[in-house]
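Each chain is listed here by its residues.
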Amino acid sequence: MNSDRIPHKDSHPGSKSSGRTRQIQGKQKAVVNAHNEWDPLEEIIVGTIEGALVPPWDVIMEATVHKKELWNFYKEYGGEPWPRELLEPAKKNLDEFVHILEGEGVVVRRPTPYDFSKSFSTPDFKIKSSCHPSMPRDVLLVIGDQIIEAPMGWRSRYHENHAYKELCKEYFKKGAKWVSAPRPQLSQKTYKEGFIPPQEGEPMRTVLTEFEPLFDAADVIKCGRDIFVAQSSCCNRFGIRWLERHLGDGYRVHEVEVYDTHPMHIDATFYPLSPGKLLINPERVKNPPEMFKKSGWDILICPEPLMPDSHPMYTCSKWLNMNLLMLDEKRAIVPKGEDTIMRALKDWGIKPIGCNFWNFESIAGGVHCASVDVRRRGELKSYFS
Ligand code: NVA
């Protein structure tokens, strides 16, 4: 996937302003504009946890939920509302996150309420319910001035994009490009029959076949003209190829080698924080792509998370300590309690802004998962020599 054949050209037509812009205070400004994780943040979508349902059990969950002891919980309670004692503190965390963003002058947009409790079927599968629109990062991939609706690997997330349709329509009307990746069948052929997730130390494997292109938006992380993607149990090679061809000559798509027994989403694994600073998960990334060292980037090792083992985590691992959100090159929103990453960020020249988030993390994801940046002030560039 390393497309060295693509020349480094910041004069590519994609970087010029086009008709897809709007006039703001005398300047041409795209309403959707995000090329990396660190340009100054102007507008963001933050998910909602209200009315969230426990994801119904499905074939993909053995491959993505780290704790085997929770599988029976999902089998029993999938499709039911999360208990109030988990939901309310999670909602408080999200409110605090929104408050911080708005206090920093960022425009915060929210999904449209949608009834996720309905069961549905397609000719290929049936599922008891959807889940919740709490993690827009997984659903919408914003690259430059376009929004790509991801195919989604979980059957229960097949219609999650509906909660963002009103926003996508609005952004489209204001000039953004809006496209949906091929809608997957998610049939029996999509997943390996009899899949058993690897034990720690066994070679990595994922539940997906190459039957159809698949990725979740959070399997992808952007760094200007270079886009990094890791295979996971929601993202296969076919999906990476689709993205590469869709993005075309202005981008280089690189597959990152990761190790994870239950791989799902790249943003607690591999995270270009700002020009010259790549944050990696030491358990999952053993060989960062050579291009970083060659171009003089610092490879920053994420410190061990501090969340106590007793804290309930239903879907994700404690490595959400690195699932932070950059407000700009020098400031990051980080879950409160994660003092080791906070100290490390300070040493690396980034000011951490703490936000209580562990309760949201219990049933969903981190601050990066809970949001998707729609507009950052910056241009498409290459950060590699
Ligand atoms: N699957 C990852 C979460 C990515 C945001 C983890 O559990 O660490």
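In this text, all values refer to a predicted model and were calculated from it rather than measured experimentally.

**Student:** Any details on the side chain of D39? Residues and values, ideally.
**Tutor:** Along the chain, D39 turns up in the loop between β2 (27-29) and β3 (41-46). Excluding residues within four positions of it along the chain, D39 makes contact with L327, D328, R376, R377, G378 and E379.

**Student:** Break down the site of the ligand for me, citing the residues and quoting the values.
**Tutor:** Surrounding the ligand, one finds H66, M264, H265, D267, A268, R284, C316, S317, L320, N323 and C369. Within the contact set of the ligand, a nitrogen atom lies 2.8 Å away from a backbone nitrogen or oxygen of M264. S317 places a side-chain nitrogen or oxygen 2.6 Å from an oxygen atom of the ligand. Across the complex, the protein chains shield 99% of the 270 Å² of accessible surface that the ligand would expose by itself. Looking at the shell around the ligand, its residues break down into five nonpolar, four polar and two charged.

**Student:** Talk me through the sheet that holds strand β10 (residues 220-223); I want residue IDs and the actual numbers.
**Tutor:** Hydrogen bonds along the backbone pair up the strands of a sheet, which may run parallel or antiparallel. Taken in spatial order, the three strands make up an open sheet running β10-β11-β12, and their pairing is mixed. The open sheet has two edge strands, β10 and β12 (252-255), and neither has a second partner. In this sheet, neighbouring strand axes are inclined to one another by 25° on average, regardless of whether the strands run parallel or antiparallel. Where β10 and strand β11 (residues 226-229) come together, four bridges link them in antiparallel fashion. Paired with V220 across the strands is V229, a residue of β11.

**Student:** Now, about helix α8 (residues 339-347): what can you tell me, with residues and values included?
**Tutor:** Along α8, the residues that are buried comprise T340, I341, M342, A344 and L345. For α8, the secondary structure elements touched by its buried residues are β13 (270-274), β14 (277-280), β17 (331-335) and β18 (351-355). Just downstream of α8 lies G349, where phi reads positive at about 85°.

**Student:** Go over the pattern of salt bridges with me, naming the residues and quoting the values.
**Tutor:** Between side chains of opposite charge, pairing is possible as soon as their charged atoms come close. Tallied over the entire structure, the rule returns 24 salt bridges. In this structure, the salt-bridge partner of E42 is K29, at a minimum N-O distance of 3.0 Å. One end of the pair, E42, is in strand β3; the other, K29, is in strand β2, and 13 residues separate them in sequence. Relative accessible area serves as the criterion here: at 10%, E42 is assigned to the buried category. A salt bridge links D95 to K91; the shortest N-O distance between them is 2.9 Å. Of the two residues, D95 and K91 both sit in helix α3 (residues 84-103), four residues apart, roughly one turn of that helix. Overall, the relative accessible area of 29% leaves K91 in the partly exposed class. Each of K29, E42, E43, R109, E170, K174, R375 and R377 takes part in one network of salt bridges that share partners.

**Student:** For unusual backbone geometry, give the residues involved together with the corresponding values.
**Tutor:** For M152, which is not glycine, the phi dihedral falls at a positive 75°. With respect to the element layout, M152 can be found in the loop between β8 (146-149) and α5 (165-173). By relative accessible area, which is 2% here, M152 ends up buried. Phi angles above zero are rare outside glycine, and H265 is one such case at about 80°. Residue H265 is classed as buried on the basis of its relative accessible area, which comes to 11%.

Analysis parameters
- Residues numbered from 1 in each chain as written.
- Predicted model: local features only at pLDDT ≥ 70, side-chain atom pairs only at ≥ 80, totals over all residues.
- Heavy atoms only, no water.
- Helix = DSSP H or I, 4+ residues; strand = E, 2+ residues; numbered from the N terminus.
- Contact = heavy atoms within 4.5 Å.
- Near = heavy atom within 4 Å.
- Polar contact = N/O pair within 3.5 Å; in protein donor to acceptor, adjacent residues only side chain to side chain.
- Areas by Shrake-Rupley, 256 points an atom, 1.4 Å probe, with all protein chains shown as cover.
- Nonpolar A, V, L, I, M, F, W, Y, C, P; charged D, E, K, R; others polar.
- Pairing = 2+ DSSP bridges.
- Axes fitted to C-alpha atoms, helices over the stretch in contact; angles between N-to-C directions.
- Buried < 20%, exposed > 50% of the residue type's maximum accessible area, 1.4 Å probe, protein only.
- Salt bridge = Lys/Arg side-chain N within 4 Å of Asp/Glu carboxyl O.

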